[in-house]
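Results of the structural survey
Spelled out, the chains give:
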Amino acid sequence: MRYPRDLAGYGPNPPYAAWPDGANIAVQFVLNYEEGGENNILHGDQASEAFLADVVGAAPWPDARHSNIESMYEYGARAGFWRLHQMFTQNQLPVTVYGVATALMRAPHQVQAMLDADWEIASHGLKWIEHKDMQREEEAAQITEAVRLHTVATGSRPRGWYTGRCSINTVDLVSEQGGFAYISDTYDDDLPYWRVHNAKPQLIIPYTLANNDMRFVTASGFANGEEFFQALKDSFDCLYREGEEGSPKMMSIGLHCRLVGQPGRFEGLKRFVDYIRGFDKVWVAKRIDIARHWADHHPYQPPKLAPSQMDAESFMATFGGVFEHSPFIAQRAWEAELGPVNDSPLGIHFALRNQFRMASDDERLGVLNAHPGLAGKLAAAKRLTADSTSEQASVGLDALTDDERERFTDLNTRYVEKFGFPFIIAVRDNTKASILEAFKARLENDRDAEFATACAQVERIAQLRIEALFAG
């Protein structure tokens, strides 16, 4: 019952990116170079290409070539690439290329132009094909071959990776391949983050299909360059404002030679490039630059505790006593679904608290009765748990005057006689005086109201104990 997806991320307080020169935003242009690497029986594939071309709704043609789609891809290599290359080089803007290895092997002029412009050429896989049903071993072999051919074509090994049409195994396989400064086969954040696989951290720089010219050829996409410009502008404005407010982010922009390289669409991109030049605190970077920056300023820090990764023995040793003398709560939490969202104080408290809430009334009553009375006989006999001893000592309940002890004994006796369980309160949230006031006020509750109040205090005590575990 381990849920692998991370639905927590950075939460409400993402790290401060600290982009160079105090930039409010890091803008990153990606040019996908796929022309000559797409599905084609000339390339040994079983059917023609049908994805991301201006024949919307096309289907693959088994054992046949599709002349129209082939020529649309060829437009990207022959014309679109050079239009984009001219604009970026004239504006001296850095670019990251996602280069399909077999496409690069068929593009001597374009590769040389990329190298001459000092663009980063990251790997976009061996072929521009679908990987979702590919066997793990075959995909791993293709990743290895992609690295080999990429190195042959460009003269250096790729440091970044993006498959795009990936499988559920892709990110793991690329991490296992090793040697990559970043992987971009996710779309789940506006900032880079570290992902651990096989006990090794791998930097992830998320990509985008929102700020992406692929929407020119998809349903509910861009009808013209102006719509593309407006979408990019709105994204930029939002992220730039967040940067001004103290939370800088990253904006990826996905481009394709055969799509935005078309003249009418190109004008929208050019308008956006002109627009962002009107802002001072913009860092236009290659993805490898962002990776290096993040590794320098936000190196991987192993978590103090990772509950979802613990074995049963470690989990119980750590969290079995969080609910006083009630290890069954932790046992049920470990047996239930745990994931990355639970690897934080709030997350693991949520998991344990939910098991307490799902317990029967009798079981919850047992948890309440497992708690000692405040300043009672167990405390005097020094028979409290270490947590309870520390908690009661934190507000001086271990050093009462005779008069104070008499008052607590009287209140405890009246409370237990009325409700059938000891008075429970998160003492670390209180003082001796506020505890006495709460004692008196809660004695006026009916049994149901006080049972709910006591259970809420049990949850709060557990939360404080968990926070101390993570801080310790």
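Structure: see above.
Description of the structure in this document.

Parameters at a glance
- Residues numbered from 1 in each chain as written.
- Predicted model: local features only at pLDDT ≥ 70, side-chain atom pairs only at ≥ 80, totals over all residues.
- Heavy atoms only, no water.
- Phe/Tyr/Trp six-rings, centres within 6.5 Å; stacked < 30°, edge-to-face > 60°.
- Helix = DSSP H or I, 4+ residues; strand = E, 2+ residues; numbered from the N terminus.
- Buried < 20%, exposed > 50% of the residue type's maximum accessible area, 1.4 Å probe, protein only.
- Lys NZ or Arg CZ within 6 Å of the ring centre and 35° of its normal.
- Arc of directions from axis to C-beta.
- Expected span 1.5 Å × (residues − 1).
- Polar contact = N/O pair within 3.5 Å; in protein donor to acceptor, adjacent residues only side chain to side chain.
- Contact = heavy atoms within 4.5 Å.
- Axes fitted to C-alpha atoms, helices over the stretch in contact; angles between N-to-C directions.
- Parallel < 35°, antiparallel > 145°, perpendicular 65-115°, else oblique.
- Left-handed = near helix turned anticlockwise from the far one by under 90°.
- Nonpolar A, V, L, I, M, F, W, Y, C, P; charged D, E, K, R; others polar.

A short note on the packing of aromatic side chains
Under the definition given, this model contains 36 aromatic pairs. Ring centres of phenylalanine 81 and tryptophan 119 lie 6.2 Å apart, and the angle between their planes is 70 degrees; on these two criteria the pair is classed as edge-to-face. Of the two residues, phenylalanine 81 sits in helix α1 (residues 67-90) while tryptophan 119 sits in the loop between α3 (108-116) and β3 (120-123), which places them 38 residues apart along the sequence. The burial state of phenylalanine 81 is the same as that of tryptophan 119; both residues are buried. With centroids separated by 5.2 Å and ring planes inclined at 50 degrees, the aromatic side chains of phenylalanine 222 and phenylalanine 228 adopt a geometry described as tilted. In textbook terms, an aromatic cluster arises when at least three aromatic residues are bridged by ring pairs, as seen for Phe29, Tyr33, Phe81, Trp82, Phe88, Trp119, Phe229, Phe236, Tyr240, Phe272, Tyr275 and Phe279. Here arginine 2 stacks its cationic end above the ring of tryptophan 334, 5.2 Å away from the centre of that ring.

Some words on helix α12 (residues 361-370)
Along an α-helix, residues three or four apart share an orientation, since each turn contains 3.6 residues. Of the residues making up α12, those classed as buried are Arg364, Val367 and Leu368. Viewed along the axis of α12, the buried residues span an arc of 100 degrees, placing them on a single side of the element.

Considering helix α17 (residues 447-471)
Its 25 residues give α17 an end-to-end C-alpha distance of 36 Å, which sits within 8% of 36 Å, the value for a rise of 1.5 Å per residue. Of all the residues in α17, the buried ones are Glu450, Phe451, Ala454, Cys455, Val458, Glu459, Ile461, Ala462, Leu464, Arg465, Ile466 and Phe470. Regarding α17, its N-cap is aspartate 446, as a side-chain oxygen of that residue lies 3.3 Å from the backbone nitrogen of aspartate 448 further along.

Structural notes on the side chain of histidine 85
Here histidine 85 is to be found in helix α1. Classification of histidine 85 as buried rests on a relative accessible area of 15%. Contact partners of histidine 85, with chain neighbours within four places excluded, come to Ala113, Ala117 and Trp119.

Concerning the packing of helix α6 (residues 225-244) against helix α7 (residues 263-276)
With their axes 7 Å apart at the nearest point, α6 and α7 run at an angle of 30 degrees to one another. Compared by their axis directions, α6 and α7 come out roughly parallel. Considering the relative orientation of α6 and α7, their crossing is right-handed. Contact residues: α6 offers Gly225, Glu226, Phe228, Phe229, Leu232, Lys233, Phe236 and Asp237, while α7 offers Gly264, Arg265, Gly268, Leu269, Arg271, Phe272, Tyr275 and Ile276. The class makeup of the residues in the contact of α6 with α7 is eight nonpolar, three polar and five charged.

A short note on the packing of α12 against α17
Taken N-terminus to C-terminus, the directions of α12 and α17 make an angle of 65 degrees; their axes are 10 Å apart at the nearest point. Seen from above, α12 lies across α17 with left-handed handedness. Residues Asp361, Arg364, Leu365, Val367 and Leu368 of α12 form the contact with α17, whose participating residues are Arg447, Phe451, Ala454, Cys455 and Val458. The residue makeup of the contact of α12 with α17, split by class, is seven nonpolar, no polar and three charged.

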